[in-house]
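# What the coordinates show
Residue-level listing of the chains:
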Amino acid sequence: MKLNIAVLPGDGIGPEIMRQGVAVLNAVAEKFGHEFTYNEALVGAAAIDAVGDPYPDSTHEVCMQADAVLFASVGDTKYDNDPTAKVRPETGLLAIRKKLGLFANIRPVMTFDCLIHKSPLKDELVKGADFVVIRELTGGMYFGEKYQDNDRAYDTNVYTRPEVERILKMGFETAMKRQRHLTVVDKANILASSRLWRQIAKEMEPLYPEVTTDYMYIDNASMRVLTEPRFFDVIVTENTFGDILTDETSCITGSMGLQPSASLGAHTPLFEPVHGSWPQAKGKNIANPLAQILSAAMLLENFGLEAEGKAVRQAVTASLDANIRTPEIQVDGGRHYGTTEVGQWIVDYIRNITL
């Protein structure tokens, strides 16, 4: 297979982990006989510094012409520490989602047996947890009308029927491919927008009779994700709730450096780790590249390359089992491997896999 991949390293640790993601894709292409080409483009603070725009038109054109986007991270402390900044790196990511029509973020949550001790939760709670959170990406408060002056501010949380229907459809269809259990998370006892979500979900339920559908308020869901993670199979929710809920799930895996994601919609699909740019670690060769590498696995699987994605996942699991890990997930007393060393170990493992 031939794939044209847009590469957006972004800021902070982004370029370092991206190099490992691309190296793994190259190892897969070599091993399985594919041809992957890459076009790198600016995004985030790097793009602001270069052209004054966190998502310039030239980058959008690269993304539109690609089969997939592999994205790393955006964010820089010089913008974080300036509340008056008119342009921020993170607006580049929002612009990507909006302009590419990426309305659904897919975030798998699973545990690695050798890392269960890294979770702040009890082993018996998290062992065997395996679910997917589907977050609506282009509606809600993040994109609604906003206002702020010295004394008053508001954000509007707007959803339309087509927006809700398409994300719920993805939720039901994903559940059909898994354990056929869908949890719709909302705040329908308080918010009118949530009541629309629940109304539409109820209307769609009969279309998927094989799926067990339940409904949960966000406050309850945020508790049960941590106290009963094995209860869930597929969660679908709106933008703001999903943003908070999916970061919370890092307590299950033990590190945000282990969580990949996919953003799907009208145009080019995008694959990215869920963590931020960690600018304090930039250039220190200590960032965990596994979420970036697992995002590359999701990219492969999106194009039906299941064996290739499995090979990447197998290599990641093997690296963890062999304690080839960056410092934040290494066992006490274990050798600390750098970003580059972890990536190279996984590349070598893929090259030596017996097909």
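Residues numbered from 1 in each chain as written. Predicted model: local features only at pLDDT ≥ 70, side-chain atom pairs only at ≥ 80, totals over all residues. Heavy atoms only, no water.

## Some remarks on the environment of Pro 273
Quick reminder of the rule: Where helices and strands are cited, they refer to DSSP runs of H or I of at least four residues and of E of at least two residues respectively, numbered from the N terminus. Accessible area is worked out with a 1.4 Å probe on protein chains only. A residue is then buried under 20% of its type maximum, exposed over 50%, and partly exposed in between. Note on contacts: a residue pair qualifies if any of its non-hydrogen atoms lie within 4.5 Å across the two residues.
Summarising the element assignment, Pro 273 is placed in strand S12 (residues 270–273). Note on Pro 273: relative accessible area 2%, which makes it buried. Put simply, Pro 273 and Phe 71 are 202 residues apart on the chain and 7.7 Å apart in space, counted from C-alpha to C-alpha. Residues in contact with Pro 273, not counting those within four places in the same chain, are Ile 17, Phe 71, Ala 72, Gln 259, Pro 260, Ala 291, Gln 292 and Ser 295.

## A few points about the nonpolar core
Rules: In these notes, a set of buried Ala, Val, Leu, Ile, Met, Phe, Trp, Tyr and Cys residues joined through side-chain atoms within 4.5 Å is what counts as a nonpolar core.
Core analysis: the largest hydrophobic core is formed by 66 residues, its most contacted members being Leu 168, Leu 290 and Ile 346. Counting residues in each nonpolar core, the second largest holds 17 residues, with Leu 121, Ala 129, Ile 218 and Phe 232 among its members.

## Looking at the side chain of Ser 263
What counts is decided by this rule: In the analysis that follows, any N or O atom pair within 3.5 Å is treated as a polar contact, provided that within protein one partner can donate a hydrogen and the other can accept it, and provided that, for residues neighboring in sequence, both atoms belong to side chains.
Topologically, Ser 263 is positioned in strand S11 (residues 260–264). Separated by 3.2 Å, the side chains of Ser 263 and Asn 105 make a polar contact.

## A word on the pairing of strand S2 (residues 35–40)
Regular strands have side chains that alternate between both faces of the sheet. The cut-off we apply is this: Here the rule is simple: two strands pair whenever DSSP picks up at least two bridges between them. Seen with its strands pointing away from the viewer, a crossover is right-handed if its path from the first strand over the helix to the second goes clockwise.
Note: strand S1 (residues 2–10) against S2, six bridges, orientation parallel. For Ala 6, the partnering residue across the bridge sits in S2 and is Asn 39. Once you follow S1 into helix H1 (residues 14–32) and on to S2, the crossover reads as right-handed.

## Thoughts on the pairing of strand S10 (residues 234–237)
Neither face of S10 is left uncovered, since the one carrying Val 234 and Val 236 and the one carrying Ile 235 and Thr 237 both have all their residues buried. Summarising the sheet, strand S5 (residues 130–136) and S10 pair through four bridges and their orientation is parallel. Paired with Val 133 across the strands is Ile 235, a residue of S10. The pairing of strand S8 (residues 181–186) with S10 spans four bridges and is classified as parallel. Residue pairing across strands places Val 184 opposite Val 236, the latter belonging to S10.

## Observations regarding helix H5 (residues 90–99)
So the rule is basically this: The directions from the helix axis to the C-beta atoms form the arc being described.
Turning to H5, its buried residues number three or more, namely Gly 92, Leu 93, Ile 96 and Arg 97. For H5, the buried positions fall inside an angular range of 140° around the axis, keeping them on one side. Next to the buried residues of H5 lie S1, strand S3 (68–73), S5 and S12. Positioned one or two residues after H5, Gly 101 has a phi angle of 65°, which is positive.

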